[in-house]
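Residue-level structural notes
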Amino acid sequence: MNARGRTAKVLTSRYAGSGTGLRRVPDELIVEEPLEIRLDGVLVTTTMRTPGNDFELAAGFCFTEGLLAGATVQACRYCATASAVETAFNVVSVDTAGRAPVPTPRLGATTSSCGLCGSTSIDQLAERLRPLAEPQGFTLDVLASVPDRVRVAQPLFEATGAVHAAAAFDRTGEVVHVREDVGRHNAVDKVVGRLLLDGVLPASRFGLYVSGRASFEIVQKAWAAGFPAVVAVSAPSSLAVETAHRANLLLAGFARDGRLNLYSGADRAA
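Residues numbered from 1 in each chain as written. Predicted model: local features only at pLDDT ≥ 70, side-chain atom pairs only at ≥ 80, totals over all residues. Heavy atoms only, no water.

Comments concerning the pairing of strand β10 (residues 229-232)
Here β10 shows no split at all, with Ala229 and Val231 on one side and Val230 and Ala232 on the other all buried. Taken together, the three bridges between strand β9 (residues 207-210) and β10 define a ladder with parallel strand orientation. Across the sheet, the residue bridging to Leu208 is Val230, located in β10. Once the chain exits β9 it traverses helix α6 (residues 216-225) before rejoining the sheet at β10, and the crossover so formed is right-handed. (Buried < 20%, exposed > 50% of the residue type's maximum accessible area, 1.4 Å probe, protein only. Helix = DSSP H or I, 4+ residues; strand = E, 2+ residues; numbered from the N terminus. Pairing = 2+ DSSP bridges. Right-handed = clockwise from strand over helix to strand, strands pointing away.)

Quick look at the structure:
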């Protein structure tokens, strides 16, 4: 495992085609470990993630799930129960000096594959989030260029082929932040957490890119963070599209090879 603990070397038996047999070769795999997220010392959830940018992930999760309720993050730190080494850097506490409401812990772990979401319907989201103000649009050329721009900034995917990426980009297409993780929702929370800790939320000046499909939880996190546009490499779900319309958010899917489909917000793309 490397120094940052994000990839691990293993031996695999590779079959290269008929008549070649098996050959033992080294392979590099992405690391997946649980992260316990606490808010003011209270356990919120446990998510399976790729180590790295853990403070951003924890802060971003608390923000996009509405747990901060406007409270300012005072600090993020490893481990509220023992030393960081004893807990293998797998426990992070987000501290608001008690200004955030006491959270209700989730009953299960958040998986890297599906991203369990505290909000289960659009109506529940609308109770705490207002539709986005009419934002300045993005050009179609910029939206379609983002996947290629982000692709060159994905070292973990290049090494392992097994991680998702999320990125914030501006209206010129410049990529501002890229984060990788086994869970696409974790990658999004890492980007949101970075913007939160930098004091630049709501993210009205940026668009959000995700390397997988645009699911409901991705769109709701984008809505919570104030992104006016979401670009996804794969398809959106029907609930994601409905949520994007409710949020007044531009949603693009199948963004590949300079092409894309617009599922909402077509009137704001030139």
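Focus: the side chain of His177
With respect to the secondary-structure elements, His177 resides in strand β8 (residues 175-181). A relative accessible area of 17% places His177 in the buried class. Contacts of His177, omitting those with residues within four sequence positions, involve Ala166, Ala167, Ala168, Val191, Arg194, Leu195 and Asp198. (Contact = heavy atoms within 4.5 Å.)

Some points on the sheet that holds strand β11 (residues 250-256)
One open sheet holds the six strands; their spatial order is β8-β7-β9-β10-β11-β12, and the pairing between them is mixed. Both edges of this open sheet fall to β8 and β12 (259-264), since each of them pairs with a single strand only. In this sheet, adjacent strand axes meet at a mean angle of 20 degrees when their direction is disregarded. Pairing of β11 with β12, which is carried by four bridges, proceeds in the antiparallel orientation. (Axes fitted to C-alpha atoms, helices over the stretch in contact; angles between N-to-C directions.)

Considerations on the side chain of Thr160
If you trace the backbone, Thr160 turns up in helix α4 (residues 155-160). Filtering out sequence-adjacent residues up to four positions away, Thr160 remains in contact with Thr7, Glu28, Leu29 and Ile30.

Shape is all these values report; function is a separate question.
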